[in-house]
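Per-entry structural report
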Amino acid sequence: MKIVKHLLEGDGITQMVCKKNTAPLRSHSAIVIHYTAGGSGQQTALFLCRPEIKQSCNILIDRDASIYQLNNFVTTSWHAGKSKWKDLTNLNYHSIGIELANFGKLHKVGDHYNTWFNKRVHPREVFTYIDPWTGNEQYYHKYTPAQLNRTLEVVKLLKKKYGIKWVLGHSDISAKLDPGPGFPMQDFQHINN
Ligand SMILES: [Zn+2]
């Protein structure tokens, strides 16, 4: 996999048409990681390309590691919303947004784990997190190893190409939950270029 003309090139990469985003990035300060809170990566990518949807990302990485690129790496996308990190505000202008296909936070109903839209998730795919303050269990959809490996590979490429300083979660810059405790952020924060 490589970056050519600010686009990813390689196996399993689909370039999408997302005409609504045109503003150039003002800096490549950060990469912001998200979960989609949805199912099929392809369906979500198509949804995010729709002109009337005020959300998008630069790339979306599916559970099988395929990648959908909505915007090139020098164009602003709409993933961060109202956000702040150190002396930066509106991180959309200063970061590359990566969405990972993942249902996000789950809730337990009897013996079952359900998404926010009440789709049942197999217990094998559930990440259990114990809140250190309350001792309560919280449930999140697990990321897949293929997806995480691919994300690491992309983040390494981007850091090298654009000299990106910070790898952040949406929850670091805004009052959001994603990418959640199931995302191994520590593996991403110490990447040497
Ligand atoms: Zn997010």
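1. Focus on the packing of aromatic side chains
Aromatic ring pairs are described here by two measures, namely the spacing of the ring centres and the angle between the planes. Scanning the entire structure with this criterion turns up 7 aromatic pairs. Site record: aromatic cluster; members linked through ring pairs are Phe103, Trp116 and Phe117.

2. A short note on the side chain of Arg150
The residue Arg150 is located in helix α2 (residues 145–162) in this model. Lacking a salt bridge, the buried Arg150 has Glu153 as its closest oppositely charged neighbour, with an N-O distance of 4.5 Å. Polar contacts involving the side chain of Arg150 include one to the main-chain carbonyl oxygen of Asp11, which spans 2.6 Å.

3. Considering the domain arrangement of the chain
Taken domain by domain, the chain comprises domain 1 (2–102 + 144–189) and domain 2 (105–141). The straight-line distance from the C-alpha centre of domain 1 to that of domain 2 is 25 Å. With 8 residues of domain 1 in contact, the opposing surface of domain 2 contributes 8 residues. Each partner contributes to the roughly 720 Å² buried at the junction of domain 1 and domain 2, and carbon and sulfur atoms together form 61% of this total. Of all residues in domain 1, Ala37, Asn102 and Pro181 give up the largest surface area on contact with domain 2, accounting jointly for 53% of the area buried on that side. Taken together, the connections running from domain 1 to domain 2 amount to 1 salt bridge. The closest approach of N and O atoms between Glu125 and Arg63, which form a salt bridge, is 3.6 Å. Linking domain 1 with domain 2 are 3 residue pairs in polar contact (both at pLDDT 80 or more), by the criterion used here.

4. Some words on the sheet that holds strand β9 (residues 95–100)
Read from one edge to the other, the open sheet built from 6 strands follows the order β3-β6-β5-β9-β4-β15, with strand pairing classed as mixed. The open sheet has two edge strands with one neighbour each: β3 (13–15) and β15 (166–169). Across the sheet, the axes of successive neighbouring strands diverge by a mean angle of 20°, strand direction being ignored. Relative to strand β6 (residues 67–69), strand β5 (residues 59–61) runs antiparallel, the two sharing 3 bridges. Looking at the pairing, Leu60 lines up with Tyr68 of β6. The strands touched by helix α1 (residues 41–49) within the sheet are β5 and β6, with β5 carrying the most contacts at an inclination of about 165°. The strands that α2 touches are β3, β4 (30–35), β5, β6, β9 and β15; relative to β9, the one it contacts most, it runs at about 170°.

What counts and how
Residues numbered from 1 in each chain as written. Predicted model: local features only at pLDDT ≥ 70, side-chain atom pairs only at ≥ 80, totals over all residues. Heavy atoms only, no water. Phe/Tyr/Trp six-rings, centres within 6.5 Å; stacked < 30°, edge-to-face > 60°. Helix = DSSP H or I, 4+ residues; strand = E, 2+ residues; numbered from the N terminus. Buried < 20%, exposed > 50% of the residue type's maximum accessible area, 1.4 Å probe, protein only. Lys, Arg positive; Asp, Glu negative; His and termini not counted. Salt bridge = Lys/Arg side-chain N within 4 Å of Asp/Glu carboxyl O. Polar contact = N/O pair within 3.5 Å; in protein donor to acceptor, adjacent residues only side chain to side chain. Domains from an automatic or database assignment. Contact = heavy atoms within 4.5 Å. Buried area = accessible area lost by both parts, 1.4 Å probe. Pairing = 2+ DSSP bridges. Axes fitted to C-alpha atoms, helices over the stretch in contact; angles between N-to-C directions.

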